[in-house]
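Read off the chains here:
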Amino acid sequence: MDACALWERYKTYLVDHPSLGLRLDISRMKFGPHFFEEMAAPVERAFDAMAQLEKGAVANPDEDRQVGHYWLRTPSLAPTPEIATQIEHTVARIETFAQAVHSGKIRPPGADRFTDILHVGIGGSALGPQLAQGALGKSTDAMRIHFLDNTDPDGIERVLSTLGAEGLSRTLVLVVSKSGGTKETRNGMLEVQAAFRKLGLAFGPQAVAITAEGSALSKVATQENWLEQFPMWSWVGGRTSQTSAVGLLPAALQGFDIKAFLAGARDCDEITRLRDARRNPAMVLALMWLYSRSAGVAKDMVVLPYKDRLELFSRYLQQLIMESLGKSRDLSGNVIQQGISVYGNKGSTDQHAYVQQLREGIHNFFVTFIDVVHDAQAAPTFVEDGQITSGDYLLGFMLGTRRALYDNDRESMTLTIDRMNPRALGVLIALFERAVGYYATLVGINAYHQPGVEAGKVAANEVISLQKQVMQSMRSSKQAATVEAIATSIGRPDQAETIFKILEHLSANPGRGIKKHPAETPFNARFEAVD
Ligand code: PA5
């Protein structure tokens, strides 16, 4: 299609919502002229399903749960007045708490102010706050935020040593886990508690929990008299929890405008409820995802925001989309193996990395470009001919890459937002949450459960049990033995490989009481418990 025809297609299909500061251009997706008409019936079903979900239907049948993240920004939509009150009350408590922390009314025992936040959580309990920090964080924020989102001792040590003894005495620790039983988060919390003990600091007066009522984490927080607890409700999923306390508390503590953030999400919800598919940007996104696989081959989604502040958006979307849509069965139990692979970082940086393959290599993707109109530069700095800025180059690179890809038959969409601020972040999050919901109905899956994640957790627990069994047996035998002999001695010859990995890890680390006697091959090495 030549440039003039593309311009006409742009004008025909542009989804433009100035009230949201949002435009979605799908002209470079090559769907046919009757695509929207052909999709009319499934689209109607998706609108109906979404309306039911918002009214409080059990939209996550496996877990028998309602799905209520939309109520978080419009509490009046909640199915009961009690839920609406809980939502409003929690937002008010968050604001009051943040003000008290900022004013020093709530302060750590050994300092006059909390200056830092240490957010301990993983997956949906971390990615939203990490995205918000990247998108909105400034050097002048009310508090600095740090994250522990893994059970990697080196990563934990790196964050704790950045804070140092002085910093930790002024740090408010947020432990965030809906289930309250996630091991990575529990381990992060225990590591921080150990660091506090070493420094003679009391943990409770510096700790806050965000978790479900009655969870293991909630019980610990109550027993240890933590500063505060904020709720995670059963009807909010982790990956759609950024407009709950999970996202709002750290944001309010950092000094971000949470009212504007919620308003952005609420206004986007309103527009993405429109039962006019062509004007509804979330439905258009979902339909483009569907179109991208209509040739029978699933395509990857490359997310390319031309904005440093949105570098983490692809990671955020990776979880939201892949955990929600990566499912083996549809709602009737048929095997369908659905999913959209999502990756990307930011432009133009990625142009010097994988864009080469996008243009010339395997043709298995479509790109979602994200363009932010305002450069957020107080006054221009000219880098060329006294009239060209770095921001002009950023736009030039985006348009150039888009064109180079299109010229080689690679499809893309472009999402344009006016500027990056709390409201826009609310809009973006709400837009993709609803697109995921619509797409799930279009392909007939449950977007709100994650059975695959559970399988990995169960298997990990089995590894830890096996490790305990191996250590106990080796401590009582006190003899050096090969992995195979140890596996046989505990009646687990089928687990030799796992035991090999466990012993390799234990013997490589100090203080674990396992010594390795190397041999000519790794498999003949003998391991021994030592004091
Ligand atoms: O989206 C999800 O449900 C997951 O990514 C969870 O957020 C993640 O597993 C962490 O769970 P929890 O908040 O229970 O610790």
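Please read these numbers as outputs of a predicted model, since none were measured by experiment. (Residues numbered from 1 in each chain as written. Predicted model: local features only at pLDDT ≥ 70, side-chain atom pairs only at ≥ 80, totals over all residues. Heavy atoms only, no water.)

This next bit is on the overall build of the protein. When helices and strands are counted, the protein shows 18 helices and 16 strands. Viewed in the frame of its principal axes, the protein has a C-alpha envelope of about 80 × 60 × 60 Å. Across the protein, every contact between residues at least 6 apart in sequence was considered, and the portion connecting residues at least 24 apart equals 71%. When the accessible surface of the protein is split by element, carbon and sulfur atoms take 51% of a total near 24,200 Å². Looking at charge distribution, the protein has the averaged site of its 55 positive side-chain charges lying 3 Å from that of its 59 negative ones. (Helix = DSSP H or I, 4+ residues; strand = E, 2+ residues; numbered from the N terminus. Contact = heavy atoms within 4.5 Å. Areas by Shrake-Rupley, 256 points an atom, 1.4 Å probe, with all protein chains shown as cover. Lys, Arg positive; Asp, Glu negative; His and termini not counted. Charge placed at Lys NZ, Arg CZ, Asp CG, Glu CD.)

Our next topic: the site of the ligand. Every one of the 13 residues lining the ligand counts as a neighbour, but Ser125, Ser177, Ser179, Thr182 and Gln319 are closest to it. Gly124 is positioned with one of its backbone polar atoms (N or O) 2.9 Å from an oxygen atom of the ligand. Interatomic distance of 2.5 Å between a side-chain N/O atom of Thr182 and an oxygen atom of the ligand. Of the residues assigned to the shell around the ligand, the class counts are one nonpolar, nine polar and three charged. (Near = heavy atom within 4 Å. Polar contact = N/O pair within 3.5 Å; in protein donor to acceptor, adjacent residues only side chain to side chain. Nonpolar A, V, L, I, M, F, W, Y, C, P; charged D, E, K, R; others polar.)

This part takes up the environment of Leu77. Along the chain, Leu77 turns up in the loop between α3 (40-55) and α4 (81-103). Measuring from C-alpha to C-alpha, the distance between Leu77 and Lys55 comes to 7.2 Å, with 22 residues separating the pair along the chain. Residue contacts for Leu77: discarding those within four places in its chain leaves Glu54, Trp71 and Arg273.

By secondary structure assignment, the location of Thr389 is in strand β12 (residues 388-389). Ignoring any residue separated from it by four or fewer positions in sequence, one finds Thr389 in contact with Asp375, Pro380, Thr381, Phe382 and Val383.

Time to look at the sheet that holds strand β1 (residues 15-17). Pairing within the open sheet is mixed, and its six strands lie in the order β1-β2-β13-β10-β8-β9. Each end of this open sheet is capped by a strand with a single partner; those strands are β1 and β9 (342-343). By the bridge criterion, six bridges tie strand β8 (residues 300-305) to strand β10 (residues 365-372) in an arrangement that is parallel. Note that in β10 the partner of Val303 across the bridge is Thr368. Each of β2 (22-25), β10 and β13 (412-417) touches helix α14 (residues 390-407); the most contacted strand, β10, lies at about 160° to it. Those strands touched by helix α15 (residues 422-443) are β2, β8 and β13, and its axis lies near 145° from that of β13. (Pairing = 2+ DSSP bridges. Axes fitted to C-alpha atoms, helices over the stretch in contact; angles between N-to-C directions.)

Ordered in space as β4-β3-β5-β6-β7, the five strands form an open sheet in which the pairing is parallel. Sheet topology places β4 (144-148) and β7 (228-231) at the edges, where each strand pairs with a single neighbour. Averaged over all neighbouring strand pairs, the angle between strand axes comes to 20°, with direction disregarded. Here four bridges tie strand β6 (residues 207-211) to β7, and the two strands are oriented parallel to one another. What sits directly across from Ala209, in β7, is Gln229. Most of the contacts of α4 go to β7, to which it runs at about 150°, and overall it touches β5 (171-177), β6 and β7.

So, about the nonpolar core. Counting residues in hydrophobic clusters, the biggest one holds 103 residues, and the most contacted among them are Phe36, Leu253, Trp289, Met301, Phe313, Leu317 and Phe432. Here the element with the most residues in this core is α15; it accounts for 15 residues. The contact partners of Phe313, leaving out residues within four places of it in the chain, are Leu131, Val303, Ile370, Leu428 and Phe432. Residues Leu160, Met189, Ala195 and Phe203 belong to the second largest nonpolar core, which totals 20 residues. (Core = buried A, V, L, I, M, F, W, Y, C linked by side-chain atoms within 4.5 Å. Buried < 20%, exposed > 50% of the residue type's maximum accessible area, 1.4 Å probe, protein only.)

Before going further, it helps to spend a moment on the packing of α4 against helix α9 (residues 245-254). Two numbers describe how α4 lies on α9: the axes approach to 9 Å, and their chain directions differ by 25°. In this view, α4 runs roughly parallel relative to α9, as classed from their interaxial angle. Read as a crossing pair, α4 and α9 show a hand that is right-handed. Judged by residue contacts, Thr90, Val91, Ile94, Phe97, Ala98, Val101 and His102 of α4 engage Ala245, Leu248, Leu249, Ala252 and Leu253 from α9. For the contact of α4 with α9, the class distribution of residues is 10 nonpolar, two polar and no charged. (Parallel < 35°, antiparallel > 145°, perpendicular 65-115°, else oblique. Left-handed = near helix turned anticlockwise from the far one by under 90°.)

For helix α6 (residues 153-168), spanning 16 residues, the distance from its first C-alpha to its last is only 17 Å, which falls clearly below the expected 22 Å at 1.5 Å a residue. What α6 keeps buried is the set Ile156, Val159, Leu160, Leu163, Gly167 and Leu168. Against β3 (116-120), β4, β5 and α7 (183-198) lie the buried residues of α6. The opening residue of α6 is Asp152, an N-cap whose side-chain oxygen sits 3.0 Å from the backbone nitrogen of Asp154. (Expected span 1.5 Å × (residues − 1).)

Residues Asp152, Asp154, Glu157 and Glu191 make up a contiguous surface patch of negative charge. Note that Asp152 resides in the loop between β4 and α6. Using a relative accessible area of 35% as the deciding quantity, one classes Asp152 as partly exposed. (Patch = residues over 30% accessible without salt bridge, like charges linked within 9 Å, V, L, I, M, F, W, Y side chains within 5 Å. Salt bridge = Lys/Arg side-chain N within 4 Å of Asp/Glu carboxyl O.)

Further remarks concern empty space enclosed by the protein. In the structure shown here, the tally under the stated rule is four cavities of 30 Å³ or more. What the largest cavity holds in volume is close to 60 Å³. Arg65, Val67, Gly237, Gly238, Arg239, Thr240, Ser324, Ala447 and Tyr448 together form the lining of the largest cavity. For the lining of the largest cavity, the class distribution of residues is three nonpolar, four polar and two charged. (1 Å grid on protein atoms, 1.4 Å probe; cavity = no way out; pocket = protein on both sides within 12 Å on 5 of 7 lines; lining within 4 Å. Points joined across faces, edges and corners; volume = space filled by probe spheres on them.)

On to the packing of aromatic side chains. If you walk through the whole model with that rule in mind, you get 22 aromatic pairs. With a centroid separation of 5.7 Å and an interplanar angle of 90°, the aromatic rings of Phe31 and Phe36 are classed as edge-to-face. For the pair formed by Phe31 and Phe36, the shared burial category is buried. Here Phe196 and Phe203 contribute two aromatic rings whose centre-to-centre distance is 5.2 Å and whose plane-to-plane angle is 80°, an arrangement assigned as edge-to-face. In this structure, Phe196 and Phe203 share a single accessibility class: buried. Within the aromatic cluster, the residues linked to one another by ring pairs are Tyr13, Phe31, Phe35, Phe36 and Tyr291. (Phe/Tyr/Trp six-rings, centres within 6.5 Å; stacked < 30°, edge-to-face > 60°.)

This part takes up the pattern of salt bridges. Inspection of every chain in the model, using the stated rule, returns 29 salt bridges. Between Arg402 and Asp25 there is a salt bridge, and its shortest N-O distance comes to 3.2 Å. Highlighted residues: Arg402 in helix α14 and Asp25 in strand β2, separated in sequence by 377 residues. Here Glu44 ties to Arg275 by a salt bridge, and the two come within 3.0 Å at their closest N and O atoms. Highlighted residues: Glu44 in helix α3 and Arg275 in the loop between α10 (258-271) and α11 (281-292), separated in sequence by 231 residues.

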